[in-house]
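# Coordinate analysis (summary)
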Amino acid sequence: MAITYLDAIREAQSRALEEDENVYIYGQDVAAFGGAFKATKGLSERFPGRVIDAPISEDAIVGSAVGAAIEGMRPIIEMQFADFSSIGFNQIINQSATQFWRTGVPCPITIRLPSGGTEGSGPFHSQSLESIYAHYPGLIVMTPATVEDAYGMLLEAIRIDDPVIFCEHKLLYYHLKADELPKTILPVGKARIARAGRHATVVACSAMVHEALRAARELAEEGWQIEVVDLRSAKPIDTDTILASVARTGRLLAVSESFPWGGLTAEVVSRVSAEGFHLLDAPPQRLNSKDTPIPYHPNLWRAHRPTWQTIAAATRNLIQL
Amino acid sequence: MLLARTFEDKIAALYRAGKIVGGVYLGRGQEAFSAALGMQLDQKHGDVFAGLIRDQAGRMAFGEPLLDSARTYLGSAEGPMRGRDGNIHRGRPLRGMPAMISHLGAMISVVNGMLMAKRFRGRTDVVGGATIGDGGTSTGAFHEGLNQAAVERLPLVVAVADNQFAYSTATEHQYACENLVDRAIGYGVRGYRIDGTDLEACLEAFAEAIERARRGEGPQMVVGKLLRLAGHGEHDDARYIPPDLRDKPFGGDCLPLARERLLDEKWLSQDELDELVTTTQESVDEAVARAQSEPDPNPFRESWHALATKHLAEGTLPAD
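All right, on to the sheet that holds strand β2 (residues 23–27) of chain A then. Residue and element names in this part refer to chain A. Pairing in this open sheet of 7 strands is mixed, and the strands run β3-β2-β4-β5-β7-β6-β12 from one edge to the other. Where the open sheet ends on each side, the last strands, each with one partner, are β3 (51–53) and β12 (233–235). Pairwise comparison of adjacent strand axes, ignoring direction, gives a mean angle of 20° for this sheet. Bridging between strand β4 (residues 74–78) and strand β5 (residues 110–115) involves 3 bridges; their strand directions are parallel. Bridging from a neighbouring strand, E78 pairs with R112 of β5. Across the sheet, helix α1 (residues 5–19) touches β2, β3, β4, β5 and β7 (164–169), and the angle it forms with β2 is around 130°.

So, in structure tokens, the structure goes:
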């Protein structure tokens with residue numbers, strides 16, 4: 001019985017609701033409808049009163065989660081799309097992220113963001129915002145790339161006493177499958193070596209891990225062994241694992257679906273340059289989406305984001321530097 | 001009210017003497033309206049009070065210790081915010097007093113969430129009070145918050161202090177309805193329109209609003225008309241406020257008005273009032289002196305991480 005990335009997210013929420021009476025889910029269309037992507041399908045029936053439909057008010061949705069957390073609840077907020085979290089941006093970065101530091105009272109909320117581009121979604125249903133939220137102190141940002149991590153990291157996110165921004169990739173929802181749910185996963189905060197290699201390190205997260213793995217398979221046929229590191233979280237970043245990888249390969253390419261100015265890839269490159277300069281045989285490289293809003297038309301969209309082809313090309317270039 | 005006014009006068013004086021770090025924002029003119037809400041709520045019962053910048057009186061009436069105020073303004077490391085936030089951004093969230101953020105309207109939904117949590121635990125008899133000014137009602141956050149409270153039928157009492165000015169902006173640039181209470185119908189909540197300078201009227205209105213909320217009648221919106229009797233902050237001389245507004249009915253000072261009433265009704269004698277003024281001043285002086293004698297926060301003993309989950313914090317962590 002194959003379990004999809006989305007099933008895993010639903011299962012994690014179901015288990016959390018069952019094991020902890022303080023957990024509840026709040027978001028638009030999450031109750032009887034089961035959520036825009038069906039991530040909460042069946043949960044409001046199984047847990048009456050604990051899966052609640054919200055008005056289209058992302059600011060109040062997040063603000064109320066903070067208030068509930070102050071009183072000891074553990075709310076899971078489902079944003080319908082990551083892109084709409086910008087309406088609740090103030091409450092996320094200024095209310096939830098500062099609560100513990102300012103008052104000493106923890107803020108154990110989980111905000112699920114259906115993230116990333118899919119064909120035809122356009123500028124406002126495609127964004128990857130891990131870089132934006134990672135920038136603000138007081139937030140944990142998770143970017144699961146596998147079915148196992150979607151399950152295990154979401155469970156962990158709910159248990160963590162800090163606000164967790166949980167970036168789920170929409171492309172992975174229905175297409176990524178596993179045979180069974182994991183009993184344990186790597187701890188949050190550790191990156192995973194998705195593919196061992198020697199000639200270059202490609203660091204990626206979320207859907208880009210799969211693009212990088214495909215690029216690595218392609219390059220293997222040309223005789224190059226590419227090591228792929230799955231970050232698993234944008235904050236914290238597992239700098240040690242990245243440095244250890246670059247120690248083995250000497251070459252670094254950081255890949256992300258985010259926009260090119262700053263962000264996750266710049267952060268990775270900056271850390272390796274500062275702390276692992278002596279390990280590098282070539283200047284570290286970055287590959288991001290283009291510096292425009294995310295296009296609607298599939299032709300434009302496919303050219304806008306990194307793909308296995310552009311990752312392979314960038315890696316070949318890196319190897320030759 | 002007297003305690004709030006006395007304390008704020010002292011803080012304002014210290015500010016002008018350069019002894020306060022950061023801004024000072026006074027509730028002068030709003031003490032009756034604010035104190036009435038704070039007094040009619042019941043902290044021990046589990047009620048919540050989310051005050052903003054002009055709610056010194058309300059916070060004190062609800063149960064915030066004077067020393068918390070003094071310590072926060074004077075930057076004592078022993079204050080509730082430990083120097084990490086200051087002046088009116090203080091609070092004790094676990095005692096029903098969430099610490100405000102600067103963005104107006106944002107605290108309404110936080111109170112909503114606290115009430116939702118209490119409801120999950122079977123406590124439907126607690127009330128949350130949230131304050132806001134006329135300017136604050138213009139924000140999207142206010143709209144979302146009040147609408148959310150109404151949809152969820154939460155026991156929320158919103159106290160709108162219509163003090164005529166948001167910083168320098170007069171109400172004709174802030175809202176187009178006749179009176180802010182007209183919005184209550186739009187939200188599906190009960191509205192009250194009162195003289196914000198009259199302590200008795202405020203006490204009665206909040207008593208009723210809180211009682212109705214507690215009984216499950218949903219959010220209540222109390223709009224008090226009054227006049228801000230200070231600048232936006234103490235850095236602001238408020239020269240944009242026309243002096244003749246002081247002579248209008250809403251321009252009165254609630255403290256002398258209350259004092260007159262107390263004396264007229266013979267609920268207090270002049271001697272008792274004088275005594276009250278003296279002991280209040282002494283309390284304020286003592287609290288301020290104590291806060292001033294306490295140590296400032298030490299940057300070398302700060303943990304410099306913002307997560308409760310320490311092992312996930314980045315950067316170096318000195319021993320806590």
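Right, let's get into the nonpolar core. The biggest cluster of nonpolar side chains holds 102 residues, and the ones touching the most others in it are I111(A), Y133(A), I165(A), F7(B) and L156(B). Element by element, the count of residues in this core is highest for helix α5 (residues 106–120) of chain B, at 9 residues. For this core, the domains that each give at least three residues are domain 1 (3–178) and domain 2 (192–320) of chain A. Not counting chain neighbours up to four residues away, the residues in contact with F7(B) comprise Q56(B), M60(B), L66(B), S69(B), A70(B), Y73(B), V284(B) and V288(B). Residues L17(A), V147(A), L155(A) and Y173(A) belong to the second largest nonpolar core, which totals 40 residues.

Residues and elements named next belong to chain A. Domains assigned within chain A are domain 1 (3–178) and domain 2 (192–320). Between domain 1 and domain 2, the C-alpha centre-to-centre distance is 26 Å. Taken together, the two surfaces of domain 1 and domain 2 that pack against each other cover about 2,100 Å², and 55% of this comes from carbon and sulfur. Across the domain 1-domain 2 interface, the total number found is 2 salt bridges. The shortest N-O distance in the salt bridge between D149 and R232 comes to 2.8 Å. One can count 11 residue pairs in polar contact (both at pLDDT 80 or more) joining domain 1 with domain 2.

Right, let's get into the packing of helix α3 (residues 58–70) of chain A against helix α6 (residues 140–151) of chain B. Viewed as axis vectors pointing N to C, α3(A) and α6(B) meet at an angle of 65°, and their least axial separation amounts to 8 Å. Taken together, the axis directions place α3(A) and α6(B) in an arrangement best described as roughly perpendicular. At the point where α3(A) passes α6(B), the crossing takes the right-handed sense. On α6(B), the residues touching E58(A), D59(A), A60(A), I61(A) and S64(A) of α3(A) are A141(B), E144(B), G145(B) and Q148(B). In the contact of α3(A) with α6(B), the residues fall into 3 nonpolar, 3 polar and 3 charged.

What counts and what doesn't
Residues numbered from 1 in each chain as written. Chains lettered and ligands numbered in written order. Predicted model: local features only at pLDDT ≥ 70, side-chain atom pairs only at ≥ 80, totals over all residues. Heavy atoms only, no water. Pairing = 2+ DSSP bridges. Helix = DSSP H or I, 4+ residues; strand = E, 2+ residues; numbered from the N terminus. Axes fitted to C-alpha atoms, helices over the stretch in contact; angles between N-to-C directions. Contact = heavy atoms within 4.5 Å. Core = buried A, V, L, I, M, F, W, Y, C linked by side-chain atoms within 4.5 Å. Buried < 20%, exposed > 50% of the residue type's maximum accessible area, 1.4 Å probe, protein only. Domains from an automatic or database assignment. Buried area = accessible area lost by both parts, 1.4 Å probe. Salt bridge = Lys/Arg side-chain N within 4 Å of Asp/Glu carboxyl O. Polar contact = N/O pair within 3.5 Å; in protein donor to acceptor, adjacent residues only side chain to side chain. Parallel < 35°, antiparallel > 145°, perpendicular 65-115°, else oblique. Left-handed = near helix turned anticlockwise from the far one by under 90°. Nonpolar A, V, L, I, M, F, W, Y, C, P; charged D, E, K, R; others polar.

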